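Residue-level listing of the chains:
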Amino acid sequence: MPPKEKKLFLLDAMALIYRAHFAFSKNPRITSAGLNTSAVLGFTNSLLEILTKEKPTHIGVAFDTQAPTFRHETFVEYKAHRQEQPEDISVAIPLIYKMLECFQIPAIGIDGYEADDVIGTLSYKACQQGFKVYMMTMDKDYSQLVNDCVFLYKPSYMGNGHEVLDVQRVLDKFGIKEISQVTDILGLQGDAVDNIPGIPGIGEKTAQKLIAEFGSVENLVANADSLKGKLRENVITYGAQGILSKQLATISLDVPIEFNEDDFLYKGPLADPMSALCDELEFRALKKRIMGDSIATEPSSQKIYAPSQEGTQMDLFGNPNPDQPQQEEAQKILETIESVAHDYHVINTLASRKSLIDYLLLQDEFCFDTETTSLEAVEAEIVGMSFCYLNHEAYYVPIPGDRVEAQAILNEFKVVLENEKITKIGQNLKYDIMVLEKYGINIKGKIFDTMLAHYLIEPDMRHNMDVLSETYLNYKPVSIESLIGKKGMRQKSMKDVELEKIKEYASEDADVTFQLKNYFSPLLKENKAEKLFLEVETPLINVLADIECAGVKIDPLALKDYSIELEKEVRLVEERIFQAAGCEFNIASPKQLGEILFDKLKIDVKAKKTKTGQYATGEEILSKLASDHKIAKEILEYRELQKLKSTYVDSLPLLVSHVDGRIHTCYNQAVAATGRLSSTNPNLQNIPIRTERGREIRRAFVRKDENHYILSADYSQIELRIMASFSREENMIESFRQGIDIHSTTASKIYHVPLESVNSEMRRKAKMVNFGIIYGISAFGLAQRLDIPRREAADIIEAYFTEFPAIKKYMDDVVNIAREQEFVETILGRRRYLRDINSRNMTTRGYAERNAINAPIQGSAADMIKVAMIKIHQWMKEEKLKSKMIMQVHDELVFDAHKEELPILKEKISEYMINAIPMEVPMEVGMGFGDNWLEAH
C-alpha cells in the first residue's frame, strides 16, 4: 500500500478573518451578551471546509503580529493609510486563537514578519520535505510562491466553488511567462491598501504589457528611454519607486522558523474545550458539525479526529458547500432567475409611473424595496425602487442622481407609500423607512417585515433574504456581488450598474420578499407568534428608525484628551513592567512576554505552552497569576488600557456621520435569539461600564445643545424581579416590595445572619449568586468568579436553594416543560426553541437546560423594555415633544431631553417603564440627567 500523501494547509488568518467579518456586516452574528462573533464563525466555517473536504494531514495558521516588519524599516509609509482594525475584529482574534487551541492547530506569528512571509518560508521548507502545500488565502500576492508542490487555494464563496491555482493558472492570470514575474507586476501596479506606491499611471494591463516586453521592473527602468510620452516620463521619474515597490511586494523566504512536521500534524479537536467554547459563543449548529454525535457515548476526554460529515457542509460564510454532495440534498437543485419564468419591467416614464401607482392603489398589500448607494441609511441615496403585488411579476422605478429630479419622482409615490389602507411588505423595513424619511416620505399603514417574521418563527436561524429564499422557496437570488463586485476599493456603487441588470436584481428582491410574506404569515399563527409580531416587533421598527435617525452627539475633543491621558497611563504601566522585568521588550508579543515571565522571571514553573512551543500568556492564565505576581497584574492593566484606547476612545470619532456630525448606531432587531436588541457601529452594548476607566467613555456622549440635557432611565435589577415574579418566591417578593436591598437579603438568608450583620464580602458573594442563578451557574463557575474553593461555592448554592425553595422549583419545572415541548416562552409568548434539551450528550443537554432557565427571564426583560419604548415613543409623538429618544443600552433608555420638558419626561417615562408589563414584583426605574451620559447615569 503506497504511503499516504503528506498534505499541508497553511491559512492566512487575517485575510480570512477580515473576509468573514465583512461578509456578515449586514447581518452580523451577535450573542445574547452582545458579542459580535461573525469573524469567529466565518473563520471556523472556513477551517471546517478544509478539514472535511480536503482532509489535510498537516495544518497551521499564520497571524500578523503588532510589531513593525522589515518592510516598515525599508519604507516608513508602508501600510500607513490602512484603516484602524474594526473593534469586532480586535475582539474576535483572541477567540480565534482559543478556537485553534481547541482544534489543536498551531497559530504562528513572528515579530518583524507578516503572515505571508511565515507561510512563504514554511511552504518552501515543507516542499523540501516532500509535502504538497496549499496556501489558503484570497491575497493575490501569494501567487509568487506557487511552484510544482505549492498551490494557492482560494476558498469557496457565496455558492461559488473553491479555486486552486497551480503554476500555469498563475501565469495565465497575470499574463506572464515566469512565476518570478508576479512581483514585477505587483511592483509596477502598486497596492493602495498597503500603500505600496508602484509607478503612477501603470495599471494591470499596462503592467502585463511592459513585463512581457522588458521581462522585469529593473530592465524596464534601465530602458525607460525607449518608451514614449507620459509613460516614459513616469518610468524615468518613478523608476526607483517601482523597484522599491517590487521589493516591498516580495514575500520573504528567510523567516527564522523551522518546519517540524510533527508540530503541524492534525490530530483533531479536543471535546471538552471545544464544547465549552462553542457554548460560550452560542455556536450550537457549528458545535454539532464539529463534534457530531460521537461524544454522546464516548468519555469526555475523547479526541474527535474529524468533523461530522453528515448533514450540510458549509462554506466560509455558512452557505451550503456546492462541491459537497449531500445525502438528503443531493437531488435538490435551486431555481434561479434563469430557470423561473418572470415578468419584470422598467418603469421610467411619467405615464408608466402613473399607471403603476394606479394599480398599486387597488391592492390590499404590496411589497417594495429600495436600491441605494450605501448600507448606512443615514448616508444612503436612493438609486431606485421596486414593487411587487403578484408572484413573479415586479416593477423597477429608476431614480435619477439629481436630488431635485429624484425628489419629484419619489413624491409621485407618496400617495401609495403613505396610504394607511394598504399593507406594505419588505425585508428589513427599518432601513427603507429611514432612507425614505430623508426624502420626506413616511411609510404609513400596516407593515409586514419578512425578516422579523422569520426571527419569531425560527429565532436561532439566519434571517437574510438569500437564506430565506433558498430555505423556503428553493430559489437562489441574484448575488449583489454579480452587480457591483466584491467588497473593497474597486467595488462599484449601485448607481453605476446598467439598468437592465439592476432591474432584474431589484425586481427579484421585491418578488422573493412578497412570496416569503405569503409563506410566513400562516406560520406566525401556527407558532402563536402573530400577536408578538403585530404588537411588539412591528411597532418597534418605527421606534428604532427614529432613534437611529436622531443619533447621538459625541465630543471628539473629550475623546482626544482621554486618548492622550490613556496613552500616558499606558507608558507608565509599560515602565513599571519593564522595571519588574529588568529589561525592555515587546509586551504585545506573546513570544517575548512568555520568555520574560516564565524563562527569566520564572513566575510559574509549570507554565503551559502552545503547540508552536510558545508560552501561553492569555488573560485567563495571567489572571490566575495576578494575585501573587505584580507584573502579571500590570500586564493585564496594560492590555485593558490598550483595548480601551484603540477599540473605543480612538474609534468612536471615526464613526461620526459627515451628514450631521452625530453617531448613528444600527440596532439589530433580529439577531439575539433571546429577544434582546444588539447594536453595531458602534456596539453600544459593549461599551465597558464595570471599571472607572471604561465608564469615563460615557462622558464623551453629550447633550444636543445648551437647551437640552442627557436623560437616562434604567431598570433596576429587572431580571431578578422577573425571576421573583415567575417563581413566586415570597422572600424575594417581600424584599422588593419593601425596597430592601435584595443582595443583602440573600446574604442574610444563606449565611444565616441578621440583615444588619451582612458585610460587603457577604453581599458581593450573594450578588454573584443572585445573577448567576438566572444563567444556571454551576459550583465550578461560581468558584471561579468568586475565587473561592469549589466546595464553598457548592455550599453557597445549596444554602441558596434551601432558603429560596420556590426558585429551585421554578427552575426544575421550566426544564421539565422544555423537555416536553422543546421550547420555552417569555411572558409575551416569545419562543426559544431548545431542540437539544433531550440530547444524550450531557454537555449539549446542560447548555439547553441553562437556556431553558434563562431565556424566559432574559426574553421577558427584552419584551418589557420594547413595550416601554413603543409606548414612550408614541406618547412623545402625540405630544409633539422637542425631546428625542436617542439610545437603548441593555436595560437603559437615553434621551436628548429639552430642559422645558424635563419634569414631564421624568414622570411619564418612569410611568411607562414601570407599567410596561404588569408583574407581581414592582419594577423600579433609576433616572438621572446631566450634560453628558456619565453625569446622567
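First, a word on what this report is: a plain description of the structure on this page. (Residues numbered from 1 in each chain as written. Predicted model: local features only at pLDDT ≥ 70, side-chain atom pairs only at ≥ 80, totals over all residues. Heavy atoms only, no water.)

1. Topic: the environment of A700
Counting through the fold element by element, A700 comes out in the loop between α27 (692–695) and β16 (701–702). In this structure, the C-alpha to C-alpha distance between A700 and L934, residues 234 residues apart in sequence, is 8.2 Å. In this structure A700 touches K553, I554, D555 and L559, once residues within four positions along its chain are discounted. (Helix = DSSP H or I, 4+ residues; strand = E, 2+ residues; numbered from the N terminus. Contact = heavy atoms within 4.5 Å.)

2. As for empty space enclosed by the protein
For the coordinates displayed, the defined rule picks out 4 cavities of 30 Å³ or more. Considering only enclosed or pocket space, the largest cavity measures out at about 70 Å³ in volume. Residue lining of the largest cavity: Y455, L456, P459, N527, A529, L532, A673, G829, R830, R831 and Y833, and that is the complete set. Mapped by element, the contributors of at least two residues to the lining of the largest cavity are α18 (450–457) and β19 (831–833). Class assignment for the residues of the lining of the largest cavity results in 7 nonpolar, 2 polar and 2 charged. (1 Å grid on protein atoms, 1.4 Å probe; cavity = no way out; pocket = protein on both sides within 12 Å on 5 of 7 lines; lining within 4 Å. Points joined across faces, edges and corners; volume = space filled by probe spheres on them. Nonpolar A, V, L, I, M, F, W, Y, C, P; charged D, E, K, R; others polar.)

3. Notes on the sheet that holds strand β12 (residues 447–449)
Here we have 6 strands laid out as an open sheet, ordered β7-β10-β9-β8-β11-β12, and mixed in their pairing. Of all the strands in the sheet, the pair left with one neighbour each is β7 (343–346) and β12. Strand after strand, the sheet turns through a mean of 25° between neighbouring axes, direction not considered. Taken together, the 4 bridges between β7 and strand β10 (residues 393–398) define a ladder with parallel strand orientation. Bridge assignment links Y344 to a residue of β10, and that residue is A394. Here helix α21 (residues 499–526) sits on the sheet and contacts β7, β8 (365–372), β9 (382–390), β10, β11 (423–426) and β12; the angle it forms with β9, its principal contact strand, is near 45°. (Pairing = 2+ DSSP bridges. Axes fitted to C-alpha atoms, helices over the stretch in contact; angles between N-to-C directions.)

4. Quick notes on the pairing of strand β20 (residues 884–889)
With respect to burial, β20 is a largely interior element, 5 of its 6 residues being buried. Note that β20 and strand β21 (residues 892–898) share 5 bridges and pair antiparallel. Bridge pairing in β21 links V889 to E892. Hairpin connection, β20 to β21: the antiparallel pair is bridged by 2 residues, and H890 has positive phi, about 55°. (Buried < 20%, exposed > 50% of the residue type's maximum accessible area, 1.4 Å probe, protein only.)

5. Here's the deal with the side chain of D12
Along the chain, D12 turns up in strand β1 (residues 7–12). Of the polar contacts made by the side chain of D12, one reaches the side chain of T137; its length is 3.4 Å. Apart from the residues within four sequence positions on either side, D12 is in contact with A62, A115, I119, M136, T137 and Y142. (Polar contact = N/O pair within 3.5 Å; in protein donor to acceptor, adjacent residues only side chain to side chain.)

6. Observations regarding the sheet that holds strand β3 (residues 107–108)
With respect to topology, 6 strands assemble into an open sheet ordered β3-β2-β1-β4-β5-β6, the strand pairing being mixed. Sheet topology places β3 and β6 (163–165) at the edges, where each strand pairs with a single neighbour. Pairing analysis gives 5 bridges linking β1 to strand β4 (residues 132–136), with the strands arranged parallel. Looking at β4, one finds that K7 is bridged to K132. Relative to the sheet, helix α5 (residues 115–128) contacts β1, β2 (58–62), β3, β4 and β5 (150–154), its axis offset from that of β1 by approximately 170°.

7. Focus on the layout of surface pockets
Its boundaries defined by the atoms lining it, the second largest pocket holds a volume of some 720 Å³. Lining the second largest pocket are 28 residues; nearest its centre among them are G445, I447, T538, P539 and N542. Of all elements in the fold, only α17 (429–437), β12, α21, α22 (530–550) and α35 (842–878) reach the threshold of two or more residues within the lining of the second largest pocket. Tallying contributions element by element places α22 first for the lining of the second largest pocket, with 9 residues. Taken together, the residues of the lining of the second largest pocket break down into 12 nonpolar, 8 polar and 8 charged.

8. Notes on unusual backbone geometry
Looking along the chain, the bond that leaves N681 and enters P682 is cis, with omega of 0°. With respect to the helices, strands and loops of the structure, P682 is situated in the loop between β15 (678–680) and α27. With a phi close to 45°, K55 is a non-glycine residue in the positive phi region. In this fold, K55 is placed in the loop between α2 (38–54) and β2. A residue is classified by how much of its surface remains accessible, and K55, at 42% relative accessible area, is partly exposed. Here the phi dihedral of E282 falls at roughly 60°; this positive angle occurs in a residue that is not glycine.

9. Here we look at the nonpolar core
By size, the foremost hydrophobic cluster in this structure holds 189 residues, and its most contacted members are F387, L417, F701, Y715, M869 and M887. For this core, the element with the most residues is α35, which contributes 15 residues. Not counting residues within four places of it along the chain, the set of residues in contact with M887 comprises I547, V552, Y667, L684, F701, E892, L893, V894 and W933. Core analysis: the second largest hydrophobic core is formed by 46 residues, A126, I202, I257 and F264 among them. (Core = buried A, V, L, I, M, F, W, Y, C linked by side-chain atoms within 4.5 Å.)

10. Looking at the packing of aromatic side chains
Summed over the entire model, instances satisfying the criterion amount to 22 aromatic pairs. A centroid spacing of 5.2 Å and a plane angle of 10° characterise the contact between F387 and F413, whose relative ring orientation is stacked. On the criterion of sequence distance, the pair formed by F387 in strand β9 and F413 in the loop between α15 (403–412) and α16 (414–417) is long-range, its members being 26 residues apart. Ring-pair connections join several aromatic residues into one group, and the members of that group are F9, Y134, F151 and Y153. Positioned above the aromatic ring of Y709 is the side chain of K899, whose terminal nitrogen or guanidinium carbon lies 5.0 Å from the ring centre. (Phe/Tyr/Trp six-rings, centres within 6.5 Å; stacked < 30°, edge-to-face > 60°. Lys NZ or Arg CZ within 6 Å of the ring centre and 35° of its normal.)

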